[in-house]
Amino acid sequence: MSTATARMRNIGISAHIDSGKTTLTERILFYCKKIHRIHEVKGKDGVGATMDSMDLERERGITIASATTNVSWADHSINIIDTPGHVDFTIEVERSLRVLDSAVLVLCSVGGVQSQTITVDRQLRRYNVPFMAFVNKLDRIGANPLKVRDQITEKLGHNAVLMQMPIGLETGLKGLVDLVAMKALYFDGPDGEIVRTEEIPAELAAEASALREKLLDAASMFSDELTEAVLEGRPTEALIRAAVRRGTIARKLVPVFIGSAYKNKGIQPLLDAVVHYLPNPAEIHYQAVDLDAGGAERALTPDAEAKTCALAFKLEDGPYGQLTYIRVYQGSLRRGDELVNTRTEQKIRVGRLVRMHADAMSDIDEAPCGDIVALFGVECASGDTFCSPGLHLAMSALYVPEPVISLAITPVDKNAADRMAKALGRFTKEDPTFRTYVDPESSQTIVQGMGELHLEVYLERMKREYRAEVRAGRPEVAYREALGRRVDFDYTHKKQTGGAGQYARVIGYLEPLAKGDYEFASEVKGGRIPRDFIPSCDKGFKAAVRKGTLIGFPVIGVRVVLTDGNYHPVDSSDIAFQTAAQNAFRQFYPKSGPQILEPVMKVSVEGPSEFAGNVFGSISQRRGMIVSSVEDGTFSRVDAEVPLSEMFGYSTVLRSLTQGKAEFTMEFLRYGRVPAAVAELLMEQHLERQRRDGRK
Amino acid sequence: MTLKIKEELVKRSPLRVLERSLAGGLGKGRLGVLASRKGVGKTACLVHMAADKLIQGKPVIHVSYSSRVDYIITWYEDIFKEMDKKRGMKGALAIYDEIVRNRVIMNFKQDGARTEQVLRSLEAMIVHGNFPAETLIVDGLDFARTGTEDLERFKEFAARLGLEIWFSASLKGEEPLFDGSGVPVLLGELMSAIDVLITLRHQGQQVQFNLVKGPGRRVPKALGLRLDPTTLLIARTPATRRSR
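Please read all numbers here as calculations on a predicted model, not as lab measurements.

### Comments concerning the overall build of chain A
Move 1: Counting its secondary structure elements, chain A contains 17 helices and 39 strands.
Move 2: Burial analysis of chain A (696 residues in total) assigns 48% to the buried set.
Move 3: Partitioning the intrachain contacts of chain A with sequence separation of at least 6 by distance along the chain shows that 71% fall at a separation of at least 24.

### Details of the overall build of chain B
Move 1: Per the secondary structure count, chain B includes 8 helices and 9 strands.
Move 2: Within the span of chain B, comprising 244 residues, buried residues form 41% of the whole.
Move 3: Contacts spanning at least 24 positions in sequence make up 69% of the contacts within chain B whose residues lie at least 6 apart.

### What about the nonpolar core?
Move 1: Among the nonpolar cores identified, the biggest contains 109 residues, and Val33(B), Ile61(B), Met125(B), Ile165(B), Trp166(B) and Leu197(B) are the most heavily contacted of them.
Move 2: The dominant element in this core, judged by the number of residues it contributes, is helix H3 (residues 42–55) of chain B, at 8 residues.
Move 3: No fewer than three residues from each of domain 3 (408–476) and domain 5 (596–678) of chain A sit in this core.
Move 4: Look past the residues within four positions of Ile61(B) in its chain and what remains in contact with it is Val104(B), Met106(B), Leu122(B), Met125(B), Ala133(B) and Leu136(B).
Move 5: Leu138(A), Ala288(A), Leu311(A) and Leu391(A) belong to the second-largest nonpolar core, a separate cluster that totals 101 residues.

### Here's the deal with the interface of chain B and chain A
Move 1: Tallying the contact residues gives 17 residues for chain B and 17 residues for chain A.
Move 2: Within the residue set of the side of chain B that touches chain A, elements represented by two or more residues are strand S3 (103–108) and helix H6 (115–127) of chain B.
Move 3: At 5 residues, the largest contribution of residues to the side of chain B that touches chain A is made by S3(B).
Move 4: Split into classes, the residues belonging to the side of chain B that touches chain A amount to 9 nonpolar, 6 polar and 2 charged.
Move 5: Alignment of strand S37 (residues 625–632) of chain A against S3(B), held across 4 bridges, turns out to be parallel. Its bridge partner being in S3(B), Glu631(A) is matched across the sheet by Phe108(B).

### Comments concerning the sheet that holds strand S12 (residues 287–290) of chain A
All names here are of chain A.
Move 1: Spatially, 3 strands are ordered S13-S12-S24 in an open sheet, and the strand pairing comes out antiparallel. Edge positions in the sheet fall to strand S13 (296–299) and strand S24 (393–394), since each has one partner strand and no second.
Move 2: Here S12 pairs with S24 via 2 bridges, running antiparallel. Within the sheet, the bridge partner assigned to Val 289 lies in S24 and is Ala 394.

### Quick notes on unusual backbone geometry
Move 1: Positive phi is not limited to glycine here, since Glu170(A) has a value of about 55°.
Move 2: Note that Glu170(A) resides in the loop between strand S7 (164–167) and strand S8 (175–178).
Move 3: Judged by the 17 C-beta atoms lying within 10 Å of it, Glu170(A) is partly exposed.
Move 4: Residue Asn130(B) is not a glycine yet carries a positive backbone phi of 55°.

### What about helix H10 (residues 267–277) of chain A?
Move 1: Counting buried positions over the 11 residues of H10(A) gives 9, a clear majority of the element.
Move 2: Taken together, the buried positions of H10(A) are occupied by Ile267(A), Gln268(A), Pro269(A), Leu270(A), Leu271(A), Ala273(A), Val274(A), His276(A) and Tyr277(A).

### Quick word on the pairing of strand S25 (residues 405–411) of chain A
Residue and element names in this part refer to chain A.
Move 1: Where S25 and strand S27 (residues 445–449) come together, 5 bridges link them in antiparallel fashion. Bridging from a neighbouring strand, Leu 407 pairs with Val 447 of S27.
Move 2: Examined bridge by bridge, S25 and strand S29 (residues 476–477) share 2 bridges and lie antiparallel to one another. Each residue of the ladder has a partner; that of Ile 405, found in S29, is Val 477.

### A closer look at the environment of Pro184(B)
Residues and elements named next belong to chain B.
Move 1: Along the chain, the position of Pro 184 falls in the loop between strand S5 (164–171) and strand S6 (196–203).
Move 2: C-beta crowding within 10 Å serves as the criterion here: with 23 such atoms nearby, Pro 184 is assigned to the buried category.
Move 3: Excluding its chain neighbours within four sequence positions, the residues that come into contact with Pro 184 are Ala 35, Ala 169, Leu 171, Leu 177, Phe 178 and Thr 199.

### A word on the packing of helix H7 (residues 205–220) of chain A against helix H8 (residues 224–231) of chain A
All names here are of chain A.
Move 1: Two elements in contact, H7 and H8, have axes whose closest approach is 8 Å; the angle formed by their N-to-C orientations is 145°. Listed contacts from H8 to Leu 216, Ala 219 and Ser 220 of H7 are Leu 226, Thr 227 and Val 230.
Move 2: Classifying every residue of the contact of H7 with H8 gives 4 nonpolar, 2 polar and no charged.

### Some remarks on the sheet that holds strand S33 (residues 518–522) of chain A
Residue and element names in this part refer to chain A.
Move 1: With respect to topology, 4 strands assemble into an open sheet ordered S31-S32-S35-S33, the strand pairing being mixed. In this open sheet, the two strands that pair with only one neighbour each are strand S31 (487–495) and S33. Direction aside, neighbouring strands of the sheet carry axes that sit 25° apart on average.
Move 2: Relative to the sheet, helix H13 (residues 534–545) contacts strand S32 (502–512), S33 and strand S35 (558–566), its axis offset from that of S33 by approximately 155°.

### With respect to the environment of Pro132(B)
Move 1: Following the sequence through the fold, Pro132(B) ends up in the loop between H6 and strand S4 (135–139).
Move 2: Sequence-wise, Pro132(B) and Gly162(B) are 30 residues apart; in three dimensions their C-alpha atoms are separated by 9.6 Å.

### Remarks on the confidence of the model for chain A
Residue and element names in this part refer to chain A.
Move 1: A residue-level look at chain A finds 91% of positions with pLDDT of 70 or above and a mean pLDDT of 85.
Move 2: Ranking the elements of chain A by mean pLDDT puts helix H3 (residues 55–60) last, at 48, and strand S11 (residues 254–258) first, at 95.
Move 3: This model gives residues 42–48 a pLDDT under 50, and the stretch forms 8 contacts once residues within four places in sequence are excluded.
Move 4: Here residues 56–66 is a poorly scored stretch, pLDDT under 50, and it has 35 contacts once near neighbours within four places are set aside; other chains count.

### Description of H7(A)
Residue and element names in this part refer to chain A.
Move 1: The end-to-end C-alpha separation of H7 is 22 Å, in line with the 22 Å expected for 16 residues at 1.5 Å each.
Move 2: Regarding H7, the residues found buried are Ala 208, Leu 211, Arg 212, Leu 215, Leu 216, Ala 218, Ala 219 and Ser 220.
Move 3: For H7, the secondary structure elements touched by its buried residues are strand S6 (160–162), S7, S8, H8 and helix H9 (237–249).

### Section: the confidence of the model for chain B
All names here are of chain B.
Move 1: Looking at chain B, pLDDT values average 85 and 93% of them are 70 or higher.
Move 2: Note on residues 240–244: pLDDT under 50 across the span, and 3 contacts to partners over four residues away in sequence or across chains.
Move 3: Interface scoring of the predicted complex returns ipTM 0.88; its pTM is 0.69.

### Focus on the environment of Glu646(A)
Residues and elements named next belong to chain A.
Move 1: With respect to the helices and strands, the residue Glu 646 is situated in the loop between strand S38 (635–643) and helix H16 (650–657).
Move 2: Measuring from C-alpha to C-alpha, the distance between Glu 646 and Met 601 comes to 9.9 Å, with 45 residues separating the pair along the chain.
Move 3: Among residues more than four places away in sequence, those in contact with Glu 646 are Arg 622 and Arg 623.

Criteria and cut-off values
Residues numbered from 1 in each chain as written. Chains lettered and ligands numbered in written order. Predicted model: local features only at pLDDT ≥ 70, side-chain atom pairs only at ≥ 80, totals over all residues. Helix = DSSP H or I, 4+ residues; strand = E, 2+ residues; numbered from the N terminus. Buried ≥ 20, exposed ≤ 12 C-beta atoms within 10 Å, placed from the backbone. Contact = placed C-beta atoms within 7 Å. Core = buried A, V, L, I, M, F, W, Y, C linked by C-beta atoms within 7 Å. Domains from an automatic or database assignment. Nonpolar A, V, L, I, M, F, W, Y, C, P; charged D, E, K, R; others polar. Pairing = 2+ DSSP bridges. Axes fitted to C-alpha atoms, helices over the stretch in contact; angles between N-to-C directions. pLDDT = per-residue confidence, 0-100. Expected span 1.5 Å × (residues − 1).

So, in structure tokens, the structure goes:
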């Protein structure tokens, strides 16, 4: 491992909405001298935080696309990926987690562990990312870092240990006590840039040593040396740090740091902690799939001299052309290197190599092992692996969820149409959960995404960045259809009146499939259907399930078993069997008692307990099922399962029901059966649409 | 199909034994308490009782003062898994997804959750949330800090909304835990508000159910039920099985 790699950290900053993550990132950039002035997120100075490079984010005060940026602190190079907080953009969070070695989980010292925190924690767990916690907003009324530490332990099940304690709280917040060095820290100067170290105030000494005891107890679990030193009564800072580091990297300990980014308190110690406790790229074991060895897992070596393996995890179409964010897992990346995209087997030459800082960039000649940089002018898709020639590795694919909501959009004029096409082309390349297609029946452009806000943001961006004015229809839910029960089919397709005839007969059954969307099996014996035509049948059924007969949505969970059939030596053909299969499905599927399925979302609402009744009511009105409610003093959280179709406009409703004091998050859970009354309504609407299209 | 599974599960449930001893069940507007030392298996019993109601299609609110929601959900899953393994109870797992729709879990932090506040939230769930609960399971209420007036409030609530409420009471501290008539010392002063009291006590290797207070009688009586130590399911004691 090179010193460059040892002195590198790739960190993500993850949090619940409004935990002050972007403010924190902004302070980090400032103290690392990447920016010369601090801008607030909801910019009163009209500039906005540096990491939110898109106008829209500045306006809404949320962060959408993860921008990576590189900073230097204490002789270490830190790559920071700023991740979005809203669930609609989870794909962004997941993509960044995939390439990070560790994370800082930001929590609000009032709100503590919130629904999104739990989602992020689950993602960190999925990718095995070690992390430390930063309890922010100590200046706010009701701040209680001890409570938040307890919540990390109880609600998330982590071994959380306070590394610092506050000196004063809320408006009286003065500074922090570092429980490792046992010193008081104050942050002086107009922007808190001068860290002043003092003795711990006498009145806090007892509490500080009690908390330090806990810290030593927890850290000793990871170091016999420290245990011994503690017994002898002389644990050194270095021993404590080493032990905490070991525990953190093993994900068996979560060190908790505290502060107030807004008040410029606690940021420099947090940066020190990133260097002290979070792993360098070589300390994390990465695996790749070896395509030469039949897909066996293979450990990557964080060696700069080894053959290169790198992952393109994000694409961005900027003003200078396509920018590809790439993480080097093995070997290094030099300008002029030749690499192979293992998916397409295309060779590329590394041209311009840049290090990113939010909006600006600097050219570099080489990226050492573990680094995250960007390439110019490389054609690829997000998730592609690049290797040195001779190496055929694939980093496991990123998990991409299916979109659950769609919207028809119509450009207002010809100019807008061109610009819309351009915008859509870019958005779909950047974000695999955002998709678009033209509906063959209505010839309308349909966009699909992960939620209302997700689509809204893209429509806004279209307007702002591309000046593409579009009219949007009502959002539509991605319904599905499903087979009710097993049904036998026997269908003969015959057209033998003059000219070349068509003949095909298919016999078999359709049955519900518990896992997966579609499966085809042939049990045809004795050449009753010639072997060449079996795939034709498969093709026909596959085409048929794309559009169910109830409401025209795809049919999922279908297993087709072909048992018998018949053919004609002259008139049977590929197309005849495809048609027979399609028609067989259309004729017999309705006889299975088919059902309409709708996406059901997992919804979490959080807010003051006094509004719980209103929240329960609003969920019950939306055909929702309340799973649980948790009341913690005056704060409560309701978890429920609600059909997506009922969730449109919920944010407005919730705001008015709770005086704007509650917030909600939702994510796709499963497909569930639509109640009979709703199903009837949907079928009527479908018929109506068909009649209308027919007339046209 | 599922209807038949449910019928069978209801018929075979050892809880029918309990119902017979209570002359049909706890009943609306009444409070029942399941008391034992910590770690004997009260939560498992309550979850089993709730599961029995759910299988009958009766909505249940599970109130917990201690456990995390996901732990409680796991309790239910485990109970159904264990039932599924029993002879004649096959299919319990198959109906699980359907019947849990009739269950809401409500979690309160012990300190700070006053009885009025808890009842207010429960009422909100039943009335505004349109959740027609018939049974309330209250697990982990600290009876050392609960007075008669708290229980009277629960009772008034139960009567007004037509519910029956089962509590668990954890007994801790110095021996003796029970007085001469088998009533836990901790609950002595609350007995006026309690309609049914069942204690769980170790009898050799077994955990036996004793009815200490019930309809019309105050004499302690063995219920003919025990807790299976491996599955944590309520089961008939071998003696009653023979007598059937």
